[in-house]
Protein chains: 2
Amino acid sequence: MEPKPAAPGPCPGDFRVAEAAAAAAAASSLNPAEARAEPGRRAPSVAAVLPAGGSGERMGVPTPKQFCPILERPLISYTLQALERVCWIKDIVVAVTGENMEAMKGIIQKYKHQRISLVEAGVTRHRSIFNGLRALAEDQPNSKLSKPEVVIIHDAVRPFVEEDVLLKVVTAAKEHGCSDYDLEFGTECLQLALKYGHVNAKLVEGSPDLWKVTYKRDLYAAESIIKERTSQHICIIMDTKEDENHVGHHLEEILKNELNHVEVTSGALCPAGRDLKQIILEQCYNYVCVNVMSSDFEETQRLLNMLEESNLSIFYPVVVISVYFLDYKSVHFDQKVENLMQIREYAKEVRKRNILLCGLLIYYPQDEQKLQASLREGATIITTLIKERNSGLVGQLLIA
Amino acid sequence: MEPKPAAPGPCPGDFRVAEAAAAAAAASSLNPAEARAEPGRRAPSVAAVLPAGGSGERMGVPTPKQFCPILERPLISYTLQALERVCWIKDIVVAVTGENMEAMKGIIQKYKHQRISLVEAGVTRHRSIFNGLRALAEDQPNSKLSKPEVVIIHDAVRPFVEEDVLLKVVTAAKEHGCSDYDLEFGTECLQLALKYGHVNAKLVEGSPDLWKVTYKRDLYAAESIIKERTSQHICIIMDTKEDENHVGHHLEEILKNELNHVEVTSGALCPAGRDLKQIILEQCYNYVCVNVMSSDFEETQRLLNMLEESNLSIFYPVVVISVYFLDYKSVHFDQKVENLMQIREYAKEVRKRNILLCGLLIYYPQDEQKLQASLREGATIITTLIKERNSGLVGQLLIA
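Keep in mind the model is a prediction, meaning the values are calculated, not measured.

Residues and elements named next belong to chain A. Spatially, 6 strands are ordered β11-β10-β12-β13-β14-β15 in an open sheet, and the strand pairing comes out parallel. The outermost strands of the open sheet, each flanked by one partner alone, are β11 (261-266) and β15 (397-399). Each strand of the sheet is rotated relative to its neighbour by a mean of 25°, with strand direction disregarded. Bridge count between strand β14 (residues 355-364) and β15: 3 bridges; the pairing is parallel. For G359, the partnering residue across the bridge sits in β15 and is L397.

Right, dumping it as structure tokens:
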């Protein structure tokens, strides 16, 4: 749905409007008489309006900031994802300029966003919000949207909004009246709402994460935050039973020292530990496939198939590191390396589905102390690949 | 010098005080009668005071933010470097807590910072500034510091301050009187100065880069900014004359498309282009050593020696990528790879001096189209290594 832009007049609908802004979140009601009524008896029906018509002038980049890519996905998709996760937000209305309408439709389709409606942005942020609210008002013909009791206004460039903050602003929109003290520290939007909208307003404490991507440095920060969050949970898939071969378990112990949340499961050869499917469902974005007994890609291929089926990599790149050991007793170095170089072809293939595959060959000297050093080096490489999450090095066979 | 902390009283010295803060920089004079006198006839003598006694509570990390590492160097060292570069700042006084005094001395020594004096921080930022000013006042016994006309107060956690902004605040400190309008948007420190210090104040426009590292996300942003800045200038060292071997020049053309400031020079075998020593002196932090004719480390070793002699890598990690080609006509793959694996030992050695060395082997197929694809892949790997500047992958022999 794309209604024509309208001149802002009295705000359409008689629902309440809540805004989640910077360090403080502003919640306001369009109907002051209702502000102190119904103190949170039941969950109100909620929708969200995202003004996303900005041009990104302060950013110093040609792309409007809401469309700037972070790990190859546009910023606005992260914000939509954060709102979508909140099941009690029934509809999300995004206001974009006519020239970005098609790009926005493409983003919604590519990342399978749900419950999104698009409206045309106005020339100012406030007109965009107005257009969004108008789309939610019940007198719109042919609208699939249901009229909500509370509308959250949320900037498209605040990707890290959490459910608890949204709940706070919605509750505040239902419960609170006006306070001059609170308004003193309010946002520009809140001031305008008070001046022209005869609304009640209340500041709600937000979190530092609610900050707005304004400058290029904020894009950098957002990327690092996303990288940090996606590198927290690592799953090690072992192809050996405990005590069968100590090198795998040595590596496991070292990785547990280096990384926060390490979980170990076993491969097809040795089914034990938690089900890999379950771990994928819990959105683990990092996999280390330890091949102690084999030097083929069977286990890795099994994992890659499961990952591809799961669609896990739609939102974030998934890192898969296939680890092998160079045991001088067995095959010759050159033969093993040449064999493992096939990983380049696998990597090229899964790269298309946002899976970043690398190989890691770890030296396996007989000397226990040297082995420990070798394994620590391997763990450093694994940690680096997981934390950088960079597609430039996929298909490489790294050596520790 | 570490004077005992003193109770703040009237500010010591009769110099003027200027502060470079967030988006606006505040300049104030301790002597209102002088504020409109001497309108910038000659360059005043200038010193800087850095309050660095903060505990970093908002950061969510145990280390105070000014000591948090960025590319393994503490944040405060970047700020000191920014001030040191400004030759007309005669003395830099840093106020640190007693418990961080030894660490701070270590930082000054390690990064060879000049013109720095240390004083003990007070319990508040203002007491720390007071202690710094007191050290600069001429009545201090045994002081090596010369009494300045203007003192710049600069937060230790604003690493990206530029000379032009500092010059603006110093000029303003010399020239301007008080303005209520300006003060309305001033910083907390400026308000206090007006209230208790009977000083004049003037806001000076700063730049967005002057922002303060407050949250963990700001550290991420600072790291990315530093990585971006150090990856701008790349020097390619070619071991072949023009038209002697076209593969080297193909790679050069592709890299020029991918990177901003690419400069080409020649190695010992073929002395041409600008002098490598000059390029190092101009603080180029990225070197691609293209070995078309050879498969040894001679050129790379020559570059590494020059880099080590230059001390360039004291402030930022220097990336060196040694590129080789796998020409099917010449030596066998395995032999070449095994030979080039020696790069691990070189890399371990120069890593100690903050030089990040990697090898890159580029396939050289006869088919022109395949060769172009291979070279583009090589350029992607080079770009990735330069932009990530991560020590976790040093010594690897990557393959394109």
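It is worth spelling out the relation of the copies chain A and chain B at this point. Overlaying chain A on chain B yields an RMSD of 0.0 Å, the required transformation being a rotation through 180° with an accompanying axial translation of 0.0 Å. Put plainly, the chains are arranged around a two-fold axis. For chain A, the smallest separation between a C-alpha atom and the rotation axis is recorded for A221(A), amounting to 2.3 Å. In this assembly, 100% of the residues forming the interface of chain A have copies in chain B that are likewise at the interface, indicating an isologous arrangement.

Time to look at the interface of chain A and chain B. Taken together, the contact between chain A and chain B spans 31 residues of the former and 31 residues of the latter. Roughly 2,900 Å² is buried in total at the junction of chain A and chain B, and carbon and sulfur atoms are behind 57% of that figure. Summed over the three residues of chain A that lose the most area to chain B, namely R217(A), Y220(A) and L393(A), the buried surface amounts to 20% of that side. On inspection of chain A and its partner chain B, the count reaches 5 salt bridges. Contributions of two or more residues to the side of chain A that touches chain B are made by α7 (216-230), α11 (333-340), α12 (343-351), α13 (368-388) and β15 of chain A. Grouping the constituent residues of the side of chain A that touches chain B by class yields 15 nonpolar, 6 polar and 10 charged.

Although it is not a glycine, E72(B) sits at a positive phi angle of roughly 70°. Within the secondary structure, E72(B) sits in the loop between β4 (69-70) and β5 (73-74).

Before going further, it helps to examine the environment of V119(A). Relative to the assigned elements, V119(A) resides in strand β7 (residues 116-120). Sequence separation of V119(A) and M101(A) is 18 residues, and the distance between their C-alpha atoms is 8.6 Å.

We now examine empty space enclosed by the protein. The gaps of empty space that remain are located by a probe, the size of a water molecule, rolled over the atoms. Counted according to the given criterion, the structure contains 3 cavities of 30 Å³ or more. Here the largest cavity is characterised by a volume of approximately 150 Å³. L385(A), E388(A), N390(A), L393(A) and L393(B) are, among the 15 residues lining the largest cavity, the residues nearest its centre. Only β14 and α13 of chain A together with α13 (368-388) of chain B provide two or more residues apiece to the lining of the largest cavity. Broken down by class, the residue content of the lining of the largest cavity amounts to 8 nonpolar, 4 polar and 3 charged.

Further remarks concern the side chain of T383(B). If you trace the backbone, T383(B) turns up in helix α13. With residues near it in sequence (within four places) discarded, T383(B) still touches E258(B) and L259(B).

Next up on the list: the nonpolar core. Core analysis: the largest hydrophobic core is formed by 125 residues, its most contacted members being Y287(A), I89(B), V94(B), M104(B) and Y287(B). Setting aside residues no more than four positions away along its own chain, V94(B) makes contact with L50(B), A52(B), I76(B), L80(B), M104(B), I116(B), S117(B), L118(B) and V119(B). Counting 62 residues, the second-largest nonpolar core is a separate cluster that includes L259(A), V319(A), M238(B) and L356(B).

Residues I343(A), R344(A), A347(A) and V350(A) constitute the buried set of α12(A). Down the axis of α12(A), the buried set is contained in an arc of 135°. They therefore lie on one face.

Further remarks concern the packing of helix α8 (residues 246-258) of chain B against α13(B). Helix-helix packing is described using two parameters, namely the angle between the two axes and the distance between the axes. All names here are of chain B. It is the contact of α8 with α13, at a shortest axis distance of 9 Å, that shows an interaxial angle of 50°. Viewed along their axes, α8 and α13 adopt a mutual orientation that is oblique. Here the hand of the crossing between α8 and α13 comes out right-handed. Contacts between α8 and α13 involve H246, V247, H250, L251, I254, L255 and E258 on the former and, on the latter, E368, L371, Q372, L375, R376, A379, T380, I382 and T383. The residue inventory of the contact of α8 with α13, partitioned by class, reads 8 nonpolar, 5 polar and 3 charged.

Now for the environment of E368(A). Assignment of secondary structure puts E368(A) in helix α13. Taking relative accessible area as the criterion, E368(A) reaches 39% and is therefore assigned partly exposed.

In total, this model carries 12 aromatic pairs over all chains according to the counting rule given. Relative to Y316(A), the ring of Y78(A) lies with its centre 5.9 Å away and its plane at 50°, an arrangement referred to as tilted. Placement of Y78(A) in helix α1 (residues 75-84) and of Y316(A) in the loop between α10 (298-310) and β13 (318-327) is noted, with a sequence separation of 238 residues between them. Assessed through its relative accessible area of 4%, Y78(A) is described here as buried. Taking relative accessible area as the criterion, Y316(A) reaches 11% and is therefore assigned buried. Between F325(A) and Y364(A) the ring centres are 6.3 Å apart and the planes differ by 70°, which places this aromatic pair in the edge-to-face class. Of this pair, F325(A) sits in strand β13 while Y364(A) sits in strand β14, and the two are 39 residues apart along the sequence. In this pair, the class of F325(A) matches that of Y364(A), namely buried. Taking the ring centre of Y78(B) as reference, the NZ or CZ of R73(B) above it sits at 3.8 Å.

What counts and what doesn't
- Residues numbered from 1 in each chain as written.
- Chains lettered and ligands numbered in written order.
- Predicted model: local features only at pLDDT ≥ 70, side-chain atom pairs only at ≥ 80, totals over all residues.
- Heavy atoms only, no water.
- Pairing = 2+ DSSP bridges.
- Helix = DSSP H or I, 4+ residues; strand = E, 2+ residues; numbered from the N terminus.
- Axes fitted to C-alpha atoms, helices over the stretch in contact; angles between N-to-C directions.
- Least-squares fit on C-alpha atoms with pLDDT ≥ 70 in both.
- Contact = heavy atoms within 4.5 Å.
- Buried area = accessible area lost by both parts, 1.4 Å probe.
- Salt bridge = Lys/Arg side-chain N within 4 Å of Asp/Glu carboxyl O.
- Nonpolar A, V, L, I, M, F, W, Y, C, P; charged D, E, K, R; others polar.
- 1 Å grid on protein atoms, 1.4 Å probe; cavity = no way out; pocket = protein on both sides within 12 Å on 5 of 7 lines; lining within 4 Å.
- Points joined across faces, edges and corners; volume = space filled by probe spheres on them.
- Core = buried A, V, L, I, M, F, W, Y, C linked by side-chain atoms within 4.5 Å.
- Buried < 20%, exposed > 50% of the residue type's maximum accessible area, 1.4 Å probe, protein only.
- Arc of directions from axis to C-beta.
- Parallel < 35°, antiparallel > 145°, perpendicular 65-115°, else oblique.
- Left-handed = near helix turned anticlockwise from the far one by under 90°.
- Phe/Tyr/Trp six-rings, centres within 6.5 Å; stacked < 30°, edge-to-face > 60°.
- Lys NZ or Arg CZ within 6 Å of the ring centre and 35° of its normal.

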